[in-house]
Structures are given as structure tokens and as C-alpha cells.
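# Report on the structure
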Amino acid sequence: MGEQTRFSLKWIAVWTMILDHGMKLFAEPMLQWMQACFGSAAAAEMLYFLLLSFGRIAFLIFGFQIAEGVHYTKNPSAYLLRLAAIGIVSEVPYQMMSSLILSGEVSVGLGLTNVCWTLLLGAASCMAHRRMEGIWKGAAMLLFAWIAAWLGTDYGAYGVCYIYVSYVFFWTGWRKWAVWLAMLWMYMLWIPVSLWSTYGMTAASCYEAAMYLLGGCMGAGLICTYHGKRGYADSPYVFYAVYPLHMVCLLGIYMGLEYL
């Protein structure tokens, strides 16, 4: 796997995020193409969820790097404002893409639901931890996690907790264990329970849960190979811009194919 730098981790997260969203948005034509190639619907679905598992890497890296960013930032207010700004810009394309994935129709409503709001609330919980004392540290994190759950943000309360845990243990010898345990909490408990409550404990839902766990293990493994090196110099604004731009591009391709 090799030693990862901050720069390489960011690009791994970006490409796995694009893969994840693209696979979900174009699920039907991709499954049809895979079925034509393999001559089996079951084999097509197995390959589809295997490829989709790579998308689980993205949030683990993004969340970890938000925790790292809180450590290094010299201007916490500006850091939060950047996340809020990209969250505002991204909300409409995110809602459009999500509604297409879930229902096949475009809809946009009031709400703050894209992952930038989860990242912002996670960063705020880390900053509160740095400034508060005693029990108030955990209380602030629980409040921000509740806000994420109430808003229905992508990755919700779990995402806030994951960022907070990554921050608290960042400079300790427990950092790698904390990342693994937080990941396993999500991919061995939260996601399987969500899948089984929706679809029942079928062979398909168990396989999907196993593939999500595989992706989570890959993400945690990559993070554990990171030793604080920056890698190539880069502008953070490039990575902020990628989030809304990739959704706009995917939506443009989807709409273009619809009219062909």
C-alpha cells in the first residue's frame, strides 16, 4: 500500500468519492452493461457492490483530514466559514443528485444536508473540545452530533463522532486504533442495521454490508499509512471546489444522456 502523504490521501478521497457518486447515479445502465458482459444479474450486482465499496474510503479520509485541519489551522473561524461556504454552494446540486439516485426524479427542498455540513459540525465539535473543560467537551460533541442527525446531513451523527474521535486521539498512540474502531462501528453496526431494517437480512443485503466493510477497511488502512507528510504543495481551494463541481458535471452528463 505504501506510505501516504496528505496530498495523495486527498486525491484518493476525491476519486473514490467521484466513483461512488457516479456508480450510484448511473446504477441502472451500469448494471445492465455488467449483466450483458457476464450474462448473469447476480454476478453483475456482486461486481457493482464490489466497485461501490471503494466509495466508502472517501468519507473516512475527508473526516480524518478535517480533524487534522483543526489541529493545524491558525484561523478557526475562517476554517468553519470555508466549509459553510462550500456547503451552501453544494446544497442544490447535492439535493438534485440525491433525489435522482433515490427516486429517479429531481427535487430540491429547504435543508442543509450535504456532507460539508457534517464536516463543519465535526470541525466545530473538535474546536469546542479544544476550548472547553471537563464534561462540556463531550456534551458539545453530542450537541453537534444531534444537530447533524436532526438536519439529516450525509453521514449524520456518525460522521461528527468519527471526526471528533479522530481529533481527540490524533496525537496519541491510540490514533490508529481509534480510526479502526470508529470505522468498524459504522460498517459492522450502523450500516448493516440500516440495510437489514430496510431490506431484511437477505443474502444480497449481507453481501452489500460486507462490501461496505471491505471499503471501510481499505480506508482505515490507508489512513494508518499516513505519517504526517504533506507531499506536493497544493491549494485547499482546489479540493473544496471539486465537491460541487463533480456533482454538476455528473448531473450534466446524466441530463445529456436523458436527452439523447
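### Brief notes about the overall build of the protein
- When helices and strands are counted, the protein shows 11 helices and 0 strands.
- The order of helices and strands in the protein, counted from the N terminus, is α-α-α-α-α-α-α-α-α-α-α.
- Taken over C-alpha atoms, the radius of gyration comes to 19 Å for the protein, in line with the 18 Å a tight globule of 260 residues would show.
- When the backbone C-alpha atoms are referred to their principal axes, the protein occupies close to 60 × 40 × 35 Å.
- Considering only contacts within the protein whose residues lie at least 6 apart along the sequence, 78% involve residues at least 24 apart.
- With an accessible surface of roughly 13,200 Å², the protein has 71% of that area assigned to carbon and sulfur atoms.
- Positive and negative charge centroids in the protein, built from 13 and 12 side chains respectively, lie 19 Å apart.

### Let's talk about the packing of helix 9 (residues 175–199) against helix 10 (residues 203–224)
- Two elements in contact, helix 9 and helix 10, have axes whose closest approach is 9 Å; the angle formed by their N-to-C orientations is 165°. As judged from the angle between their axes, helix 9 and helix 10 are roughly antiparallel. Like other packed secondary-structure pairs, helix 9 and helix 10 cross with a definite hand, here right-handed.
- Residue composition of the contact of helix 9 with helix 10, by class: 19 nonpolar, 3 polar and 3 charged.

### Details of unusual backbone geometry
- Even without glycine at this site, Tyr155 takes up a positive phi of about 75°.
- With respect to the element layout, Tyr155 can be found in the loop between helix 7 (135–151) and helix 8 (156–168).
- Taking relative accessible area as the criterion, Tyr155 reaches 13% and is therefore assigned buried.

### Some words on the nonpolar core
- Ranked by size, the top nonpolar core spans 65 residues in total, and within it Tyr79, Leu83, Tyr158, Tyr162 and Tyr187 carry the most contacts.
- Looking at this core element by element, the count peaks at 9 residues for helix 4 (residues 56–72).
- In contact with Tyr158, not counting residues within four places along its chain, are Phe59, Leu60, Ala182, Met183, Trp185, Met186 and Trp190.
- Counting 11 residues, the second largest nonpolar core, distinct from the first, contains Leu121, Ala128, Phe144 and Ala145.

### What to know about the packing of helix 6 (residues 115–131) against helix 7
- Running from N to C, helix 6 and helix 7 point in directions that differ by 170°, and their axes come no closer than 8 Å. With respect to helix 7, the axis of helix 6 lies roughly antiparallel. Here Leu121, Ala124, Ser125, Ala128 and His129 of helix 6 lie close against helix 7, whose contacting residues are Lys137, Ala140, Met141, Phe144, Ile147 and Ala148.
- Residues of the contact of helix 6 with helix 7, tallied by class, amount to 8 nonpolar, 2 polar and 1 charged.

### Quick notes on helix 7
- When the terminal C-alpha atoms of helix 7 are compared, their 25 Å separation across 17 residues agrees well with the 24 Å that a helix rising 1.5 Å per residue should span.
- Listed in full, the buried residues belonging to helix 7 are Lys137, Ala140, Met141, Phe144, Ala145 and Ala148. Down the axis, helix 7 shows its buried residues gathered within 135° of arc, on one side only. Among the exposed residues of helix 7, those pointing more than 90 degrees away from its buried face are Ile135, Trp136, Leu142, Trp146 and Trp150.
- Tucked into the core, helix 7 has its buried residues touching helix 6 and helix 8.

### Observations regarding the pattern of salt bridges
- On inspection of all chains with the given rule, the structure shows 4 salt bridges.
- Three or more residues joined by partner-sharing salt bridges are found here, namely Asp20, Lys24 and Arg56.

Definitions and cut-offs
- Residues numbered from 1 in each chain as written.
- Predicted model: local features only at pLDDT ≥ 70, side-chain atom pairs only at ≥ 80, totals over all residues.
- Heavy atoms only, no water.
- Helix = DSSP H or I, 4+ residues; strand = E, 2+ residues; numbered from the N terminus.
- Rg over C-alpha atoms; globule rule 2.2 N^0.38 Å.
- Contact = heavy atoms within 4.5 Å.
- Areas by Shrake-Rupley, 256 points an atom, 1.4 Å probe, with all protein chains shown as cover.
- Lys, Arg positive; Asp, Glu negative; His and termini not counted.
- Charge placed at Lys NZ, Arg CZ, Asp CG, Glu CD.
- Axes fitted to C-alpha atoms, helices over the stretch in contact; angles between N-to-C directions.
- Parallel < 35°, antiparallel > 145°, perpendicular 65-115°, else oblique.
- Left-handed = near helix turned anticlockwise from the far one by under 90°.
- Nonpolar A, V, L, I, M, F, W, Y, C, P; charged D, E, K, R; others polar.
- Buried < 20%, exposed > 50% of the residue type's maximum accessible area, 1.4 Å probe, protein only.
- Core = buried A, V, L, I, M, F, W, Y, C linked by side-chain atoms within 4.5 Å.
- Expected span 1.5 Å × (residues − 1).
- Arc of directions from axis to C-beta.
- Salt bridge = Lys/Arg side-chain N within 4 Å of Asp/Glu carboxyl O.

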